Amino acid sequence: MATLPEIASVRTSLNEAEVEHLLRLLASWSLLSDLSFSDMLLLAPSVGHAGVHDDPFVVLAQVRPNNRATLISDDLVGTIQEASLWPSLRQSLSSGVVVRDQVMMEELGEAVPVWYIPVTFDGRVISILVRVQGPLRGPASLYEQAYLNIFERLSTMVTESSFPFRESEVAGPGMPRVGDGIILIDQRGLVEFATPNATNALHRLGLYAATEGRSLRDLGLRVRVVERALEFGLPSMEEVDRGAEVAILFHCVPLIEGAATTGVVVLMRDVTDVRRLNRLVLSKEAAIKEVHHRVKNNLQTISSLLRLQARRSDDGDSRTALLEAERRIRSIAVVHEVLSREPGEVVDFAEIVGSIVTMVEDSIVVEHPVEIMVEGELGNLSTDIATPLAVALAELLTNAVEHAFVEFGDRGDVGIVTLQLTRQQNLAELVIRDNGRGLPADFSLELPTSLGLSIVRDLIRNQLHGTIEMRNGEEMGAYVNVRVPTLDGRL
Ligand SMILES: Nc1ncnc2c1ncn2[C@@H]1O[C@H](COP(=O)(O)OP(=O)(O)OP(=O)(O)O)[C@@H](O)[C@H]1O
Ligand SMILES: [Mg+2]
């Protein structure tokens, strides 16, 4: 289906500002349709039909009421309607006033009341809002009368070009619907009428007194936007809460006649459920944080137990093994620590790098000073990637600190380990270099030897589907290059 601007540019001579005015009208005309229990069409004189159509109008938009059956089941948007089909259409276009008439509805087999409401903008009638009213069945109820009264006043505003409002706040899909509850407030700020749903909403706010003839303020309800609408003729909305239980959105539409504000329509919507949902999402986030926090605590407990056990062990080898297991568990805890602060699908890897570096610096005791320098960062990584990568990184940095500088002894040289991090679109790259003695002559990454590198190999290749290369650097020391795809793609 073509949009209003598209139809307008092809079929009419409306300019941009006029089209925008009509779009603003469209944003809130569902309200007009519901208040009048009517189908509505927006028509504008159509151009470029020389000789084909007599007096053509194009249908720019169509809306059906939510509170009664439609009378127009066809989609008329974009169709050409000759003026003769809609008697009085022309008259209303040239006079600029609302004309009431009747039109024969084929579908119904009877004539129904029709209103032609000229849409005025910048002193010119740019379009006609056609209200096709359902046949009247019996006298209108009190609240139907109230709706129609509001509708009439809004129609006058359309012809006086004070509706739709220029302010965007009232237009838009968030606009409450008529059925949610309406309060009509008169010029003096007193409640003229409240629909049953509006009364229910007031009850939920703790207001049980009769409302008619009293101001909301006297009733103990301070809604600034109502006062603002009355005083300045400005539409706006405000949420009124009662504790955490109830939240009602008040949407105020000033009724304007000439230059005077003659009343305010307050559309109410109970947004309690929406707010509750928001709170639920927030508390779920808190729960996830808590879970990460506990996982981290548990991992720290395990690592303390291992440390204790290591201290008690007389055998050097088993002590080293226990201490290493302890360190590995702590590097996993680091990731949960970060997630307990900022839970989500992704985690800022820079924070993890910071913690891992501190951990490696702390846990290795050597006679000579070692400095770990970090360049660049990987940005956000999915937690699925961050955890194994953090463990692998901890292993590689530990290796450098542990093995590269054994010959430094107490020569006073400073061991330097650099970690270079680069992130391309779908690739995270880590380069670890040291200025130590380099890898042993018989070193091969492929030999299933020691535990540390076996873990790294498994994590990088099998779990992260990445690559790892280990060799000696150009001048000295070891060079390790790790590349890991960061999307689902494989390297
Ligand atoms: N940066 C490095 N400089 C020099 N040698 C290294 C370096 N990284 C690793 N190596 C050598 O590779 C070997 C294998 O490392 P790996 O991490 O698998 O075992 P490990 O560190 O000896 O024991 P662990 O299982 O506790 O990690 C090391 O023993 C060491 O000889
Ligand atoms: Mg190792």
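Residues numbered from 1 in each chain as written. Chains lettered and ligands numbered in written order. Predicted model: local features only at pLDDT ≥ 70, side-chain atom pairs only at ≥ 80, totals over all residues.

Some remarks on the overall build of the protein
Alright, step 1. Along the protein, the regular secondary structure elements total eleven helices and 18 strands.
Alright, step 2. Rg of the C-alpha trace for the protein: 37 Å, well past the compact-globule value of 23 Å for 491 residues, more than 25% over.
Alright, step 3. Considering the protein as a whole, with its 491 residues, one finds that 35% of them fall into the buried category.
Alright, step 4. Within the protein, contacts between residues separated by at least 24 positions form 61% of all contacts whose residues are at least 6 apart in sequence. (Helix = DSSP H or I, 4+ residues; strand = E, 2+ residues; numbered from the N terminus. Rg over C-alpha atoms; globule rule 2.2 N^0.38 Å. Buried ≥ 20, exposed ≤ 12 C-beta atoms within 10 Å, placed from the backbone. Contact = placed C-beta atoms within 7 Å.)

Observations regarding the packing of helix H1 (residues 4-11) against helix H2 (residues 16-35)
Alright, step 1. Contact pair H1 / H2: the axes reach a minimum separation of 10 Å and the direction vectors enclose 145°. As H1 runs across H2, the sense of the crossing is right-handed. Mapping the contact onto sequence places Leu 4, Pro 5 and Ala 8 in H1 and Val 19, Leu 22, Leu 23 and Leu 26 in H2.
Alright, step 2. Broken down by class, the residue content of the contact of H1 with H2 amounts to seven nonpolar, no polar and no charged. (Axes fitted to C-alpha atoms, helices over the stretch in contact; angles between N-to-C directions. Left-handed = near helix turned anticlockwise from the far one by under 90°. Nonpolar A, V, L, I, M, F, W, Y, C, P; charged D, E, K, R; others polar.)

Section: the site of ligand 1
Alright, step 1. Around ligand 1, 18 residues are found, and the nearest of them are Asn 399, Ser 450, Leu 451, Gly 452 and Leu 453.
Alright, step 2. Counting only elements with at least two residues in the shell around ligand 1, the list comes to helix H10 (383-404) and helix H11 (451-463).
Alright, step 3. Among the residues making up the shell around ligand 1, the classes are represented as eight nonpolar, six polar and four charged. (Near = placed C-beta within 6 Å.)

Some remarks on the domain arrangement of the protein
Alright, step 1. With domains assigned, the protein is organised as domain 1 (4-159), domain 2 (178-270), domain 3 (272-344) and domain 4 (345-491).
Alright, step 2. The straight-line distance from the C-alpha centre of domain 3 to that of domain 4 is 22 Å.
Alright, step 3. When the residues that make up the side of domain 3 that touches domain 4 are grouped by side-chain class, the tally is five nonpolar, two polar and four charged. (Domains from an automatic or database assignment.)

Considerations on the nonpolar core
For soluble globular proteins, the rule of thumb is that nonpolar side chains tend to be buried together.
Alright, step 1. Counting residues in each nonpolar core, the largest one holds 73 residues, and the members touching the most others are Leu 43, Leu 60, Val 130, Val 226, Val 264 and Val 266.
Alright, step 2. Of the domains in this structure, domain 1 (4-159) and domain 2 (178-270) are the two that each give at least three residues to this core.
Alright, step 3. Those residues in contact with Val 226, other than ones at most four positions away along the chain, are Ile 185, Leu 216, Cys 252, Val 264 and Val 266. (Core = buried A, V, L, I, M, F, W, Y, C linked by C-beta atoms within 7 Å.)

With respect to the environment of Ala 209
Alright, step 1. Along the chain, Ala 209 turns up in the loop between helix H5 (196-204) and helix H6 (224-232).
Alright, step 2. Ala 209 gets classed as exposed once you count the C-beta atoms within 10 Å, which come to 9.
Alright, step 3. Between the alpha carbons of Ala 209 and Ser 304 there is a distance of 65 Å; along the sequence they are 95 residues apart.

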